[in-house]
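Chain residues, written in single-letter form:
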Amino acid sequence: MASSSSTTHPPVLKQPVKLACVQLASGSDKAANLAHAAVKVREAAQTGAKIVVLPECFNSPYGCDYFPSYAETLLPSPPTPAQSPSYHALSTMARENAIYLIGGSIPELATSASEPSQNTYYNTSLTFSPSGALLATHRKIHLFDIDIPGGDHLPRIRRALPRQPADHGRPARLATIAARRGCFALVYPGAFNLTTGPLHWELLARARAVDNQLLVADPMAKVLAEAGEGEGIVVVELDGERIELARRGIPLRDQRRFDVYPDVSRVQ
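I will try to describe carefully the structure that is included in this document. By convention here, each chain's residues receive numbers from 1 onward along its written sequence. Only residues with pLDDT of at least 70 are given local features in this predicted model, and only at 80 or more are side-chain atom pairs given and counted; all residues enter the totals for whole chains, interfaces and linings. With hydrogens and water stripped out, all remaining heavy atoms of the structure feed into the side-chain values.

Focus on the overall build of the protein chain
Strands are runs of DSSP state E lasting at least 2 residues, helices are runs of H or I lasting at least 4, and numbering of each runs from the N terminus. A count of helices and strands for the protein chain gives six helices and nine strands. Between buried and exposed lies partly exposed: a residue is buried under 20% and exposed over 50% of the maximum accessible area for its type, with that area taken using a 1.4 Å probe on protein chains only. In the protein chain, which comprises 268 residues, the proportion classed as buried is 41%. By definition in these notes, contact holds between two residues if any of their heavy atoms fall within 4.5 Å. Across the protein chain, every contact between residues at least 6 apart in sequence was considered, and the portion connecting residues at least 24 apart equals 64%. For the protein chain, the accessible area works out to roughly 14,300 Å², and carbon and sulfur atoms hold 54% of it. For the area figures, the Shrake-Rupley method with a 1.4 Å probe applies, and any residue is considered shielded solely by the protein chains shown.

Some points on the side chain of Lys30
Take Lys30: it is sitting in helix α1 (residues 30–46). Taking relative accessible area as the criterion, Lys30 reaches 19% and is therefore assigned buried. There is a polar contact of 2.8 Å between the side chain of Lys30 and the side chain of Glu72. Ignoring anything within four residues of it in the chain, the contact list for Lys30 reads Asn59, Tyr70, Glu72, Pro85 and Ser86. Polar contact criterion, stated in full: a pair of N or O atoms within 3.5 Å, where within protein one must be able to donate a hydrogen and the other to accept it, and residues adjacent in sequence count only if both atoms are side-chain atoms.

Quick notes on the state of the cysteines
Pairs of cysteine sulfur atoms within 2.5 Å are what we label disulfides. The final tally for this structure, using the stated rule, is zero disulfides. Cysteine Cys64 remains unbridged, with the sulfur of Cys57 as its closest cysteine sulfur at 9.9 Å. Relative accessible area serves as the criterion here: at 32%, Cys64 is assigned to the partly exposed category.

Some remarks on the packing of aromatic side chains
Here the aromatic set is Phe, Tyr and Trp, taking the six-membered ring for Trp, and pairing holds for ring centres within 6.5 Å; pairs whose planes are under 30 degrees apart are stacked, those over 60 apart are edge-to-face, and all others are tilted. Throughout the structure, instances matching the rule amount to two aromatic pairs. Aromatic side chains Tyr87 and Phe128 sit 5.2 Å apart centroid to centroid with 80° between the ring planes, which places their arrangement in the edge-to-face category. Of this pair, Tyr87 sits in helix α3 (residues 85–97) while Phe128 sits in strand β5 (residues 119–128), placing them 41 residues apart in sequence. For Arg139, the ring lying beneath its charged end belongs to Tyr122, and the centroid distance is 3.8 Å. Consider the ring centre and the ring normal. A charge sits over the ring if Lys NZ or Arg CZ is within 6 Å of that centre and within 35 degrees of that normal.

Topic: the side chain of Ser84
Relative to the helices and strands, Ser84 resides in the loop between α2 (67–70) and α3. Engagement of the side chain of Ser84 in a polar contact is seen with the side chain of Glu72, the distance being 2.6 Å.

Focus on the nonpolar core
Inside soluble globular proteins, nonpolar side chains tend to come together where they are buried. By nonpolar core we mean a set of buried residues, namely Ala, Val, Leu, Ile, Met, Phe, Trp, Tyr and Cys, connected to one another through side-chain atoms within 4.5 Å. Counting residues in hydrophobic clusters, the biggest one holds 23 residues, and the most contacted among them are Val52, Leu54, Phe58, Leu90 and Leu101. Breaking this core down by element, the ones donating at least two residues are β1 (17–23), α1, α3 and β5. In this view, Leu54 contacts Val22, Leu24, Ala37, Val41, Leu90, Leu101, Ile102, Gly103, Gly104 and Pro189; residues no more than four positions away in its chain are not counted.

Topic: α1
The end-to-end C-alpha distance of α1, which contains 17 residues, comes to 24 Å, matching closely the 24 Å that a straight helix rising 1.5 Å per residue would cover. Every buried residue belonging to α1 is among Lys30, Asn33, Leu34, Ala37, Lys40, Val41, Ala44 and Ala45, and all of these are buried. Relative to the axis of α1, the buried residues are bounded by an arc of 140° and lie together on one face. Exposed residues on α1 whose side chains face more than 90 degrees from its buried face are Ala31 and Gln46. In this fold, the buried residues of α1 make contact with β1, β2 (51–53), α2, α3, β3 (100–102) and β9 (232–238). For α1, the N-terminal capping position is held by Asp29, with its side-chain oxygen 3.1 Å away from the main-chain nitrogen of Ala31. A positive phi of about 100° marks Gly48, the residue just after α1. Helices are assigned an expected span. That span is 1.5 Å times one less than the residue count. Each C-beta atom gives one direction from the helix axis, and the arc is the one those directions make.

Looking at the packing of α1 against α3
Two quantities define a packed helix pair, namely the angle between the helix axes and the distance between the axes. Angles here are taken between N-to-C directions and fall from 0 to 180 degrees, while the axes themselves are lines fitted to C-alpha atoms, restricted in helices to the stretch in contact. Close contact between α1 and α3 brings their axes to 10 Å; oriented N to C, the two are set at 20°. As summarised for this structure, α1 and α3 are arranged roughly parallel, according to the angle between their axes. Our pair here, α1 against α3, has a crossing hand that is right-handed. Here Lys30, Leu34, Ala37, Ala38, Val41, Arg42 and Ala45 of α1 lie close against α3, whose contacting residues are Pro85, Ser86, Ala89, Met93 and Asn97. Here the residues of the contact of α1 with α3 sort into eight nonpolar, two polar and two charged. An angle below 35 degrees is read as roughly parallel, one above 145 as roughly antiparallel, one from 65 to 115 as roughly perpendicular, and any other as oblique. Crossing handedness: left-handed means the near helix sits turned counterclockwise from the far one by under a right angle, and right-handed means the same turn made clockwise. Under this grouping Gly is polar, as are all residues other than the nonpolar Ala, Val, Leu, Ile, Met, Phe, Trp, Tyr, Cys and Pro and the charged Asp, Glu, Lys and Arg.

Re a nonpolar patch on the surface
Each patch is built from residues that are more than 30% exposed by relative accessible area and take part in no salt bridge. Like charges join if they lie within 9 Å; nonpolar side chains (Val, Leu, Ile, Met, Phe, Trp, Tyr) join within 5 Å. By definition here, a salt bridge exists when the distance from a side-chain nitrogen of Lys or Arg to a carboxyl oxygen of Asp or Glu is within 4 Å. A cluster of nonpolar residues, Phe258, Val260 and Tyr261, forms a patch on the protein surface that exposes about 280 Å² of accessible area. Tracing the sequence through the fold places Val260 in the segment after α6 (240–249).

Here we look at the pattern of salt bridges
According to the stated counting rule, one finds four salt bridges in the structure shown. The residue Glu72 makes a salt bridge to Lys30 at a minimum N-O spacing of 2.8 Å. Taken together, the positions of Glu72 in the loop between α2 and α3 and Lys30 in helix α1 put the pair 42 residues apart, joining distant regions of the chain. The residues Glu72 and Lys30 share a single accessibility class, namely buried. Ionic pairing is found between Glu56 and Lys140, a salt bridge with its closest N-O pair at 3.0 Å. Separated by 84 residues along the polypeptide, Glu56 in the loop between β2 and α2 and Lys140 in the loop between β6 (134–139) and β7 (156–158) bring together distant segments of the chain. Its relative accessible area of 23% is what places Lys140 among the partly exposed residues.

This is the structure in structure tokens:
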């Protein structure tokens, strides 16, 4: 049933935090890509950002055709530097800059113990703590226009600890689950092109922000920061009070009709 709007809720974010999104143009040299990413992450951290986000497939050219050449082995974790130079580069970037680093994504190679000749490729995101420890691993669930098996876990990072409930919903549903479980921001490292980007990327970000009253397109669907077409860094301050103002003004969280539709955040 719909609940009362007088319900009290704990703050989503107790104090403002700066988040920086790094936009890169990666080339064919993986080592050069990693070194360049480290420079840009350092620049982002120097703005005061405590959370830094890299783009999708930041360590390689973008496209499923590149996966066999650039994929790294992540399991068993932690991998060796030879198995995954990107894993260790990201860990070092996070530790040296004392930041939470969402490492965009990298191509991952996974082999089956029962069928070692069978290669499976994933588009995988790694998140590291300011100490350089791995917090969460997310294999992209819904892949875009490629025929590679996806993952089946949705990671949530809270108090530097990962939680990975299973779910097979579309991105809108996953956003709702995250919001209802207390997340204050949704991060979608992407590499949209100039065709689908203008048509879909901002639209989807704003829709998920207003659906779930989250940031960086703010809870009223206003885009807070946006880069141009080239490389760059955008920095925005995430303010929990802005979320609370939107949620008090439009009390969606207190007007759910779980007698009509299920609470997807409780469906496993």
